[in-house]
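Spelled out from the first residue to the last, the chains are:
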Amino acid sequence: MTSGFDDIPFFDEEPDAPSARPKTNREPAPERSGGSGIAARALAARNGAVARPSYLDGLNPEQLRAVETLDGPVLVLAGAGTGKTRVLTTRIAHILATGRAYPSQILAVTFTNKAAREMRERITHLAGEAVEGMPWLGTFHSIGVKFLRRHAEIVSLRSDFTILDTDDVLRLIKQLIQAEGLDDKRWPARQFALMIDGWKNKGLDPSQIPEGDSRAFANGKGRALYTAYQNRLLSLNACDFGDLLMHPIRILKTNPDILADYQGRFRYILVDEYQDTNSAQYMWLRLLAQRPGRKSPSPTPPHKGAGLGARSARLGATSDTDVVDGDEFPGDAPQPDSLPPVGRVGEGSSSHASVNICCVGDDDQAIYGWRGADVDNILRFEKDFPGAAVIRLERNYRSTAHILGASGHLIAHNEGRLGKTLFTERQDPEDEKVQVHAAWDSEEEARAIGEEIERLQRGDGADGVKHLLNNMAILVRASFQMREFEDRFVTLGLNYRVIGGPRFYERMEIRDAMAYFRLVCQPADDLAFERIINTPKRGLGDTTVRNLHDYARARNIPMLAAAADIVETEEFKPKARKALFDVVANFQRWQKLLETMAHTELAEQILEESGYTDMWKNDKSAEAPGRLENLKELIRSMDAFESMRGFLEHVSLVMDAEQNEQMDAVSIMTLHSAKGLEFDTVFLPGWEEGLFPHQRALDEGGRNGLEEERRLAYVGLTRAKKRLHIWFVSNRRIHGLWQSTIPSRFLDELPPDHVEVAEAEQSYGGYGRGNPYGQSRFDKQEPFASSYSSPGWQRAQANKTEATRSNWGNRSGVSVERVGYGEAGPTGRVIQGELVAKSKIDEPSKFAIGDRVFHIKFGNGNVAAIEGNKLTIEFDRAGQKRVLDGFVDKA
DNA sequence: TAATCGTAGGTTTTT
DNA sequence: CCTACGATTA
């Protein structure tokens, strides 16, 4: 577990948990954790009756309450860095340890696999092997799959249905659009995929979508297309991601006995990141959170009040499995195919009042409204679950008081929040204020941030300590901003890591390979068939594929089967016929081998015999070696699975693969992907109107859009533990042309007490000096303007004002100043950068001049010069670049 | 089948 | 402006 991923300090790291405190659970509870239940417990403990379990040690009173309030609905409003994950995991451990439920009776949902994995690890840590048997801990989607595999037939699927990724979905939709005789340029599949996504986020099936939505696409054929799409999925025995929730909802709604069964089963429901739930997820939760109906056969409750000792005894017997897996839902007959109206789930039923559901979230960190998340879900929790206990976690363990003060003040500008005020006990006069910096343009911004990073790395900062790059991050609003930093860091030879780019299983070669495997395991997978039928090239072009497609559709058989038929005929020209024959024969053979051969071996054989690996071996492009490497990695990763099918199942849901965390590197990522992470030092560049808040969020989302942007800013600010640097530039290239920009309004929303406008340490070339634009109008209007008196801020304000009046084109005077900076400032810095590099010059390089090397970004090249750990490489495609040797491998 | 030209779009992302 | 993808052409 890397520290960067830890929301909260764990056990001994807790700031207010002195390490001197005894860890034995015989010890009475510390006084500060004095809820009444605890007091009683402590008393009991003193009498030797109940030992206070050690996992409760170090929780603050609110956290403890969140853990111990087990009956009835609970909403935990957990501010950033207040120990959210810890509460969730400890709560589960507590439920298990007190014997209130079997692991199989707890439903715990997260949004990401990462969160689920982390939760599982932590619970294991707290409660021992108890979690091994927690079958219902996972993402909404993975739990959806598990459920759907059991009840697939109710929605006319087989339980071995495939899960399509976005690529497949897109191709499928495109086919449907073409089949309708529509122009796929005018009606892009992309757009329709987004619409479907939106509908499914809301839990709407084709009959339920608003008429307006239907009319908005394809000359009013929206609904028909959606219907056709769903039918096509069924005939492919496939689901998209939305279906993994839609189908379970439908099953639960139309089958009261199944519903009652699950309602009875899940004694405790826990939801992470509740602020991010969409309507469909909400419906699903509401269905399960209702009290079981009268006739529901509820599983025997485990005996209550058992302590830790009793737990392990019970675990030995492990009746978990038969509670979940043993019972095969008798009386669960397939239902007719009619779709129920989507009403408001659970309406009119007051019985859900005492369901043990615990939702944890932070309305201030709701940043996924644009993909269907509905903040209202968290805002109206108390109405949905009457009598809910609402617990606020406001004690922050992460950031300095300045960072907390700044973020708290910013987010207070939002309306309609549940309202929390984070505080910390940390009082260190050494803590620096949040720094706001101005730069002329994005290039200078990147340059200056690079310098600051190197300064920290070197130990030239205020604290004189050398800092690891791993503890620093640059968080951007939009991914195009990353490029500037990458370019700069490559020239500096500064290690960086981009988080969130295209992921392993989304890469072309991986998808291709997976399509082969899919088709072997599932011959009806037409999408896989179409993906690889002519990859590598076999002379089976569009026309052949279309013929096959038509033939297959006419007979209602899979394309692979159609191909098998057609090669027996004279339908195709000999060349195509031969190629197709080979493909069909190959697949038939592989299918047979599936039963006998080890799956990794078979996978390798498939890629060899299909010519797929050869295709990349013959490819001269820069990416080819990397792709072959990825394929090897893919096969290697299959080892951990029982079978090829098992592997496919895993991959369809878990799209990430871990990367090398070895090297020390600065992280570059978007604000969105930074949620949940923390870093000592955080840089937030690009705080300009139009970029942040983003213009489109403003245009399309109005006030809500702005508030979501503000929450995003809040997320960014609260990622920082110790040092926070915010940047804005005066000029940025937007769609290729230079534009003057105005500092973000969010800057004005920061409290002066906790913020200082950083003075540039080097010469700025004086672009603000002798400000020709006079006093800023913002001086009067801004509430805090009086405290921003430093020259830097005034300069910033000056930029702000002039920026509103002019643009790059007619500001020749200023562009000269830029040149001035360009020559003065950075030149010195570059030299410093090299000095750093030279400290390593003595170490012999593992490369020699003339070596053939491969770089992940620039491809193949030859080493032209070596200075310490820096190489100058003549790349085949990218030209000459200086790179760090850690970034290249011998080719 | 590869290479080249033209055009559209250029926020955020999981599963 | 610059990239990525699709369509057209050799």
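Computed from a prediction, not measured in an experiment: that's the story for all the values here.

### Some points on the overall build of chain A
Within chain A one finds 34 helices and 21 strands. Residues classed as buried in chain A amount to 55% of the 891 residues present. Taking all contacts inside chain A whose residues are at least 6 apart in sequence as the whole, residues at least 24 apart take part in 77%.

### Overview of the pattern of salt bridges
Taken as a whole, this structure holds 55 salt bridges when the rule is applied. D261 is the salt-bridge partner of R265, the closest N and O atoms lying 3.1 Å from each other. Of the two residues, R265 and D261 are both situated in helix α11 (residues 256–265); the distance of 4 residues between them amounts to about one turn of the helix. Its relative accessible area of 1% is what places R265 among the buried residues. By relative accessible area, which is 12% here, D261 ends up buried. A cluster of three or more residues bridged by salt bridges with shared partners is formed by K84, D272, E273, D276 and K675.

### Quick look at unusual backbone geometry
T535 connects to P536 through a cis peptide bond whose omega is 0°. Tracing the chain through its elements places P536 in the loop between α21 (526–532) and α22 (542–555). Of the consecutive residues F692 and P693, the connecting peptide bond is found in the cis state with omega at 5°. Even without a glycine there, the phi angle at N556 is positive, about 60°. Among the structural elements, N556 can be located in the loop between α22 and α23 (559–566). Taking relative accessible area as the criterion, N556 reaches 66% and is therefore assigned exposed.

### Examining the side chain of S744
For S744, the position within the fold is in the loop between β15 (737–740) and α31 (745–748). Under the relative-accessibility criterion, S744 is labelled buried at 0%. Polar side-chain contacts of S744 include one of 3.0 Å to the backbone nitrogen of F746. Not counting the four nearest positions on each side in its chain, S744 is found in contact with W687, E688, E689, F692 and P693.

### Concerning the nonpolar core
Across soluble globular proteins, you tend to see nonpolar side chains buried next to one another. In terms of nonpolar packing, the biggest core is built from 51 residues, with F517, L548, L580, F587, L634 and M644 touching the most fellow members. Looking at this core element by element, the count peaks at 9 residues for helix α20 (residues 508–521). If near-sequence neighbours (up to four positions away) are discounted, F587 is found in contact with Y516, L519, V520, I532 and L560. Among the nonpolar cores identified, the runner-up in size contains 48 residues, and V271, V355, I357 and V375 belong to it.

### Regarding the packing of aromatic side chains
Enumeration over the complete set of coordinates arrives at 25 aromatic pairs. Relative to Y262, the ring of W136 has its centre 6.1 Å away and its plane inclined at 90°; by these criteria the two rings are edge-to-face. On the criterion of sequence distance, the pair formed by W136 in the loop between α4 (113–127) and β3 (137–139) and Y262 in helix α11 is long-range, its members being 126 residues apart. There is no split in this pair, since W136 and Y262 are both buried. Taken together, W187, F192, W199, F217 and Y226 form an aromatic cluster joined through their ring pairs. The ring of F161 is capped by R149, whose NZ or CZ atom sits 4.1 Å from the centre of that ring. If you follow R380 out to its NZ or CZ, it ends over the ring of Y282, 4.4 Å from the centre.

### A word on the confidence of the model for chain A
The predicted model of chain A averages 77 in pLDDT, with 74% of residues at 70 or higher. A low-confidence stretch, residues 1–46 stays under pLDDT 50, and its non-local contacts, those more than four residues away or across chains, total 90 contacts. The low-confidence segment residues 293–353 (pLDDT under 50) makes 116 contacts with residues lying over four places distant or belonging to another chain.

### A few points about the pairing of strand β6 (residues 268–271)
Alternating residues of β6 divide into Y268 and L270 and I269 and V271, and every residue in both groups is buried. Alignment of strand β2 (residues 106–110) against β6, held across 4 bridges, turns out to be parallel. Its bridge partner being in β6, L107 is matched across the sheet by I269. Relative to strand β7 (residues 357–361), β6 is paired through 3 bridges, and the arrangement is parallel. Across the sheet, residue V271 finds its bridge partner in β7, namely C359.

### Quick word on the protein's contact with DNA strand C
Residues in close proximity to DNA strand C include R483, H735 and G736, which together make up its full environment. Of everything in DNA strand C that lies within 4 Å of the protein, sugar and phosphate atoms constitute 50%. At 3.3 Å, a backbone N or O of H735 approaches a base nitrogen of DNA strand C. A distance of 3.0 Å separates a sugar or linking oxygen of DNA strand C from a polar backbone atom of G736.

### Overview of helix α2 (residues 61–68)
Among all positions in α2, only Q63, L64, A66 and V67 are buried. Axial view of α2: buried residues confined to an arc of 160°, hence all on one face.

### Notes on the side chain of N237
By the element assignment, N237 lies in the loop between α9 (222–235) and β5 (238–239). Here the side chain of N237 touches D160 through a polar contact of 3.1 Å, side chain to side chain.

### Describing the sheet that holds β3
Taken in spatial order, the 6 strands of this open sheet run β3-β2-β6-β7-β1-β8, and their pairing is parallel. Each edge of the open sheet carries a strand with a single partner, namely β3 and β8 (389–393). Averaged over all pairs of adjacent strands, the angle between their axes in this sheet comes to 15°, without regard to strand direction. Across 4 bridges, strand β1 (residues 74–78) lies against β7 in parallel orientation. Bridging from a neighbouring strand, L77 pairs with G361 of β7.

### Some points on the protein's contact with DNA strand B
Around DNA strand B, the structure places 24 residues, and the nearest of them are N113, H141, R477, S479 and T670. Counting only the atoms of DNA strand B that lie within 4 Å of the protein, the sugar and phosphate share comes to 54%. In this structure, W370 approaches DNA strand B through a side-chain N or O atom, which is 3.3 Å from a base oxygen. Separating a sugar or linking oxygen of DNA strand B from a side-chain N or O atom of H694 is a distance of 3.2 Å. When residues of the surface near DNA strand B are assigned to their parent elements, the largest contribution, 3 residues, is made by helix α30 (residues 695–717). In terms of residue class, the surface near DNA strand B is built from 7 nonpolar, 11 polar and 6 charged.

### Remarks on α23
Taken together, the buried positions of α23 are occupied by M559, L560, A562, A563 and I566. Projected down its long axis, α23 carries its buried residues within an arc of 155°, all on one side. Where α23 is buried, its residues contact α20, α21, α22 and α24 (574–596).

### Here we look at the packing of α24 against helix α25 (residues 599–609)
Relative to each other, α24 and α25 sit at 170°, their axes nearing to 11 Å. As far as their axial angle goes, α25 and α24 are roughly antiparallel. Where α24 abuts α25, its residues N586, R589, W590, L593 and L594 lie against L602, Q605, I606 and E609. Across the contact of α24 with α25, the residue classes tally to 5 nonpolar, 2 polar and 2 charged.

Rules of the game
Residues numbered from 1 in each chain as written. Chains lettered and ligands numbered in written order. Predicted model: local features only at pLDDT ≥ 70, side-chain atom pairs only at ≥ 80, totals over all residues. Heavy atoms only, no water. Helix = DSSP H or I, 4+ residues; strand = E, 2+ residues; numbered from the N terminus. Buried < 20%, exposed > 50% of the residue type's maximum accessible area, 1.4 Å probe, protein only. Contact = heavy atoms within 4.5 Å. Salt bridge = Lys/Arg side-chain N within 4 Å of Asp/Glu carboxyl O. Polar contact = N/O pair within 3.5 Å; in protein donor to acceptor, adjacent residues only side chain to side chain. Core = buried A, V, L, I, M, F, W, Y, C linked by side-chain atoms within 4.5 Å. Phe/Tyr/Trp six-rings, centres within 6.5 Å; stacked < 30°, edge-to-face > 60°. Lys NZ or Arg CZ within 6 Å of the ring centre and 35° of its normal. pLDDT = per-residue confidence, 0-100. Pairing = 2+ DSSP bridges. Near = heavy atom within 4 Å. Arc of directions from axis to C-beta. Axes fitted to C-alpha atoms, helices over the stretch in contact; angles between N-to-C directions. Nonpolar A, V, L, I, M, F, W, Y, C, P; charged D, E, K, R; others polar. Parallel < 35°, antiparallel > 145°, perpendicular 65-115°, else oblique.

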